[in-house]
Structures are given as structure tokens and as C-alpha cells.
Amino acid sequence: MDVESLLSWYRNNHRCLPWRTDRTPYGTWISEAMLQQTRVTTVLDYYPRFLEHFPDIRSLAASSEDEVLKLWEGLGYYSRARNLMRGARYVCEHFDGELPESSDLLIRIPGIGPYMAGAIASQAFQEPVPAVDGNCIRIYCRLYALPMIPSERTTYNEVYSRVAKDIPPEEPGDFNEALMDFGSLICTPKSPRCTACPFATECSANLLGKQEDFPLKKTKKETPVEEHTILRIFVGKKILVHKRPSSGLLAGLFELVDLPGNMEYHEVKKWLKDNLLEFCGDSSLAASFIEPDIRVLGTGKHIFSHLRWNMIGYEIHLPDQEPIKGNAKKFGELVSAKKYGSLAFASAIRMYR
Ligand code: SF4
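Residues numbered from 1 in each chain as written. Predicted model: local features only at pLDDT ≥ 70, side-chain atom pairs only at ≥ 80, totals over all residues. Heavy atoms only, no water.

Caption draft 1: Main features of the site of the ligand. Around the ligand, the neighbouring residues are Arg142, Ile186, Cys187, Pro192, Cys194, Cys197, Ala200, Cys203, Asn206 and Gln211. At a threshold of 2 Å from the grid points, most atoms of the ligand map onto the largest cavity. Looking at the shell around the ligand, its residues break down into seven nonpolar, two polar and one charged. (Near = heavy atom within 4 Å. 1 Å grid on protein atoms, 1.4 Å probe; cavity = no way out; pocket = protein on both sides within 12 Å on 5 of 7 lines; lining within 4 Å. Sits in = over half its atoms within 2 Å of the grid points. Nonpolar A, V, L, I, M, F, W, Y, C, P; charged D, E, K, R; others polar.)

Encoded structure:
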């Protein structure tokens, strides 16, 4: 690769981003965690708020999981938020609250993998180490017409060794960031802007006229679909919520009552009768189950990386009633509107909140 052409393109076209203009190792770490699988424009909203709330590693280490998840709400891939918190605690315990300066030590921190270690070490500490992500793989596969599948280990190794040869020791951070911007703005996954590309005359894929054929595509498996019924249940002015388990999909986030299948009105009514009498006691509520106040909130869908949810939502109003002791846990807990607003919910059910 003509490294000077890439750096010169970067000097003239780089994006002005807050974590670049005010560069700190901690800010670099947070921005890299937020940028995984997420658009820059989305991160621009979250980054300053997160740093305002947790200005340094020690404040993040001292936070609660609910606090971190609330600030992360809507960004998705919530394991990143939990990993940041775990990572911050590890840094306080093993590195006296400061990120270590080498990629070899950074990679020991929970949540920091080879890409992020390379990105932080090169950008914040000027270590000449590659940061190979999907952008980088796409660019190199096109430049050299490498017939490789991005997700395979051999592809990563091949691209890593090419980047390691190209990375300039005096500007490693700019080089890695230049690849990121170049992959986002010019050598994009679809319709790359080859006419504006400084490598147009040397790029093998472009010369072959097969830019979008590189890297090779893996044949896609069909995404599994799950059906859910989401119930926003008011008991008086309180709302029934449930915290998801601490591991697995959407771990640690709050949700509304979530039942399997796309239930119809009469099924919801039956479920209420069968289950919520147990929750709230049967005497004063019995009348409300003859014709309960149920409103349809509509259908929705959410696409995860490996799964799709098709949903239907209902809002239900029940008379004010304290849950029977011992049964509350089975269904979740009743919270006030104020507390409800402070809880971190999965964006999958945002339309029903
Ligand atoms: S010529 Fe096109 S495909 Fe090749 S590196 Fe440039 S933008 Fe990418």
C-alpha cells in the first residue's frame, strides 16, 4: 500500500470527532467500545454524556451496573457496557487506575480484544501495532484482490501481517484511524467511491472491475425468528417490570412482561385471569377480569445480529392492588413512574415503553 497517499488523504478528509480533538487514553477506550457495531453519528450523542457522568476510570469502576446500562440504553450490544465497567475495575486493581501503554498489557483487561488493544495503543500511546477490523480487512482484500472470507482466522492473520509491514512507526495512530475513515467514507461495503480513491490505479479489485466481489461473501444462514407478546401492565399508577438474568441476551436490562408467541386479545385476557389473580389477590380484582382494560399497542420487530423478534404489544390497566407477598418475584416488581423512567430497558422493546 502507498502509505503516504493514505495519510495525505486522511489529513485532508479526516472526520473531526470529540475523542480525536481531545485525545486521552480513557476517551479512546470509551469511543472504541461504543463504535463497535455502531455508527459514528449515534456515538456522537452518547460519548459526551458518558464522559460527563464517568469522567475517569475510577468513577466508572465505582459505578453500579444499572447506572452504566442506563447511560448505554439504546446503543445496543450491552455486554460492551458491562465489559467497560469490569475493565475499569481491573485497571484500578492491577494498573493503579491508569490504562497501560502497551497493547500486550491492554489485552489483559476484560473486554479489550486485539483490535481494541491495537487501536488504543496506536492512537493514545503511538505504539506501531495494527488495529485490524472489518474496514481494514475489506480495504486490503480489495487492494490485493484477496479471495478470502472476512470472518476466517486466516484472513485476519493475512491482513494483520500486511498492515504490520505498512504501519509507519512515526504515525501509527493516524495510519490506523486513516484506514477506519477510508473504509467508512470511500471504500464502503457497498458502492465504494473508486473515482475519489487515491488507490484507484493500483487497486486490483478496481482494475478487475470487481470491487464488490472482495472480500468473498459467506453464504448466509436464514435468521431465526421468535415471536413475543409484550405487556405493559399498570397496577394503579405502578408498572410491572422484570430484570433479565445477568447472562445471555440483553442481560441485566429491564423488560416488560414478555410472553412467548404473538398472542391475540382473548389469549391475553385468559393469561391475565390465570396469572395475575395469583399476583394481586383474587377478591377485589375479580370484577376487572370480566372485561379488563386492554389496549393494543401494535406490532413491531427488532433485529439482533443472530435473531429476529416479531412482537405484538398490549397495555393493560388494573385497579390499584398490592401484590401477594412471595408472588411478586415470579412476575417482576411494581415500580413508580419515576423509577420506571430511570431504568435501562432493551431497545428491542422501546416502542412499547
Ligand atoms: S479503488 Fe475502490 S475498491 Fe479499491 S480501494 Fe479504492 S475505493 Fe476501495
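Caption draft 2: Quick peek at the domain arrangement of the chain. Domains assigned within the chain are domain 1 (3–213) and domain 2 (225–352). On a C-alpha basis, the centroid separation for the pair domain 1 and domain 2 is 39 Å. Of the residues lining the interface, 10 residues belong to domain 1; the matching set on domain 2 comes to 15 residues. With both sides pooled, the region where domain 1 packs onto domain 2 buries about 870 Å², and carbon together with sulfur makes up 48% of that total. Of the charged contacts, one joins Lys243 and Asp66 as a salt bridge, the two residues approaching to 2.9 Å between their closest N and O atoms. (Domains from an automatic or database assignment. Contact = heavy atoms within 4.5 Å. Buried area = accessible area lost by both parts, 1.4 Å probe. Salt bridge = Lys/Arg side-chain N within 4 Å of Asp/Glu carboxyl O.)

Caption draft 3: Region of the structure containing the packing of helix H3 (residues 25–35) against helix H7 (residues 79–95). Across the interface, H3 lies against H7 with an axial gap of 10 Å and an inter-helix angle of 155°. One element, H3, and the other, H7, form an angle in the roughly antiparallel class. Where H3 crosses over H7, the handedness of that crossing is right-handed. Contact residues: Trp29, Ile30, Ala33, Met34 and Leu35 in H3; Arg80, Leu84, Gly87, Ala88 and Val91 in H7. Of the residues in the contact of H3 with H7, the class split is eight nonpolar, one polar and one charged. (Axes fitted to C-alpha atoms, helices over the stretch in contact; angles between N-to-C directions. Helix = DSSP H or I, 4+ residues; strand = E, 2+ residues; numbered from the N terminus. Parallel < 35°, antiparallel > 145°, perpendicular 65-115°, else oblique. Left-handed = near helix turned anticlockwise from the far one by under 90°.)

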